[in-house]
Amino acid sequence: MQTNTTLQETDIELNTDPCADSSATTPLPFSLALTFLVAGVYFGVLLTKAQVISWIRIQEMFHFQYFHMYGVIGSAIITGALGVQVLRYIKIRSVTQQAITIRKVTFQKGQILGGLIFGIGWALTGACPGPIFAVIGSGYSVFIVILVSALAGTWVYGRLRNRLPH
Amino acid sequence: MFDWIFTPWPWYVAGPLLGLTVPLFMWIDNKRLGISSVLRHICAAAIPAKIPFFSYNWRSERWNLFFVFGIFIGALLATNLLTTPATFQIDARLQTYLASHQITQYPRGLPEDLFSWDSLFTLRGFICMVVGGFLVGFGTRYAGGCTSGHAITGISQFQWPSLLATICFMLGGIFATYCILPFIL
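What counts, and at which threshold
Residue indices begin from 1 for each chain and proceed along its sequence in written order. Chains and ligands are labelled by the order in which they are written, letters from A for the one and numbers from 1 for the other. Local features are withheld for residues below a pLDDT of 70 in this predicted model, meaning they are given only at 70 or higher, and side-chain atom pairs are given and counted only at 80 or more; totals for whole chains, interfaces and linings count all residues. What counts as a contact is two residues whose backbone-derived C-beta atoms lie within 7 Å of each other. The helix and strand labels rest on DSSP assignments: H or I over at least four residues marks a helix, E over at least two residues marks a strand, and numbering proceeds from the N terminus. For this classification, Asp, Glu, Lys and Arg are treated as charged, while Ala, Val, Leu, Ile, Met, Phe, Trp, Tyr, Cys and Pro are nonpolar and the rest, including Gly, are polar. The burial criterion counts other C-beta atoms lying within 10 Å of a residue's C-beta, which is placed from the backbone; the residue is buried at 20 or more, exposed at 12 or fewer, and partly exposed between these limits. A set of buried Ala, Val, Leu, Ile, Met, Phe, Trp, Tyr and Cys residues, joined to one another through C-beta atoms within 7 Å, is what we call a nonpolar core. The pLDDT score gives, residue by residue, the confidence of the prediction method on a 0 to 100 scale. Orientation is described by axes fitted as lines to C-alpha atoms, over the contacting stretch for helices, and by angles from 0 to 180 degrees between their N-to-C directions. Angle categories are assigned with fixed cut-offs, so that under 35 degrees is roughly parallel, over 145 is roughly antiparallel, 65 to 115 is roughly perpendicular, and the rest are oblique.

Let us now look at the interface of chain A and chain B. Chain A puts 117 residues into the contact, and the matching count from chain B is 118 residues. Listing elements by their share of the side of chain A that touches chain B, those giving two or more residues are helix H1 (30-49), helix H2 (55-62), helix H3 (68-90), helix H4 (110-125), helix H5 (129-137) and helix H6 (143-160) of chain A. Considering each element in turn, the side of chain A that touches chain B owes the most residues, 17 residues, to H1 of chain A. Looking at the side of chain A that touches chain B residue by residue, the classes come out as 64 nonpolar, 45 polar and eight charged.

Below is the structure:
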């Protein structure tokens, strides 16, 4: 089954099977692309208005000085979890007629090692990946450097993947 | 009456509205919300270099590129249309600490003494932007997700490895805050 990856796929954020035939690209209807674009605008406005994109707010979080960021992340998780339970309970299909599924995340050492590494980067930059795009949008063009560095980090991980403990 | 639009939004408004995107994405097209994977898709599209990790069908994940482009637009709109200039609120202890490192200008929540093109070639600017950005990209992919993928989506779905990853995000951040930043700022 694993034809082009030697390691088990552990990416929670990947939605398609990486081993799938690349000629069978799922078409992206215009309506769906527009829907996700609008969802992105909604998400970006919230990140900005709630100051999640602020290095100062992230520092206040890591110094345990201000509850704000704990409140944002905590209440997002609680609301998300309630929504997921509602979806499980009512057993509907998605708008696009897909079955709604939850793919189990398996444990691997990367969640610890990669998690610690990302945490250090989060404190230094004051931005996780979503806010990087938002900060650029809010007018700080220098964050393009952070984006390019993050792309380099992702690429180097992909290059070294077979040699890292997983 | 509409003053609230222009002031910062409290956590109990923004947090639940952000969290709603998890069930929303599942309901729209059985999608998992996750932003850091976009970095992987861009690598796979631009410089796959025959690396197995980037040899997958990134075109099927194009929806996420639209989502991230939307985040960029949303921040642009919120900053230019939904924000009035005001003094940025900061904890007094953090203000004193940053002032001791000559960081005093943060009109929109980002220290402009630290995050600017001029600062890029100083030690602290280089570490915070170039090194920090690299660690964000490397660490999120090694962990298989970021704050949106693991912390919000994963924990919402009761995936314990995502809770573990989120705890490690926090531990890494606390380590950098107390053991790295004081020496480089």
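Next comes the rest of the description.
Time to look at H5 of chain A. For an α-helix, the turn length of 3.6 residues means that residues three or four places apart are oriented alike. When you tally the buried positions in H5 of chain A, you get nine out of nine residues, the bulk of the element. Buried within H5 of chain A we find Pro129, Gly130, Pro131, Ile132, Phe133, Ala134, Val135, Ile136 and Gly137 of chain A. Lining the buried residues of H5 of chain A we find H1 and H6 of chain A together with helix H4 (37-46), helix H5 (62-81), helix H7 (123-143) and helix H8 (147-156) of chain B. After H5 of chain A finishes, the residue glycine 139 of chain A shows a positive phi value of roughly 115°.

Before going further, it helps to examine the nonpolar core. Counting residues in each nonpolar core, the largest one holds 91 residues, and the members touching the most others are Leu47, Val72 and Ile132 of chain A. Setting aside residues up to four positions removed in sequence, isoleucine 132 of chain A forms contacts with Ala127, Phe143, Ile146, Leu147 and Ala150 of chain A.

Another point: the confidence of the model for chain A. When pLDDT is averaged along chain A, the result is 90, and 90% of the positions lie at 70 or above. Low pLDDT, under 50, characterises residues 1-6 of chain A; the stretch is placed with eleven contacts to residues that sit more than four places away or in other chains.

Moving on to the packing of H6 of chain A against H4 of chain B. One way to put it is that H6 of chain A packs onto H4 of chain B with a least axis distance of 9 Å and a crossing angle of 75°. By the angle class used here, H6 of chain A and H4 of chain B are roughly perpendicular. Contacts between H6 of chain A and H4 of chain B pair Ala150, Leu151, Thr154, Trp155 and Gly158 of chain A from the former with Leu39, Arg40, Ile42 and Cys43 of chain B from the latter. Its residues assigned to classes, the contact of H6 of chain A with H4 of chain B comprises six nonpolar, two polar and one charged.

Residues and elements named next belong to chain A. One way to put it is that H1 packs onto H5 with a least axis distance of 10 Å and a crossing angle of 80°. Between H1 and H5, the crossing angle belongs to the class labelled roughly perpendicular. Note on element contacts: H5 touches H1 through Gly130, Pro131, Ala134 and Gly137, opposite Gly44, Leu47 and Thr48. Residue classes in the contact of H1 with H5 are distributed as three nonpolar, four polar and no charged.

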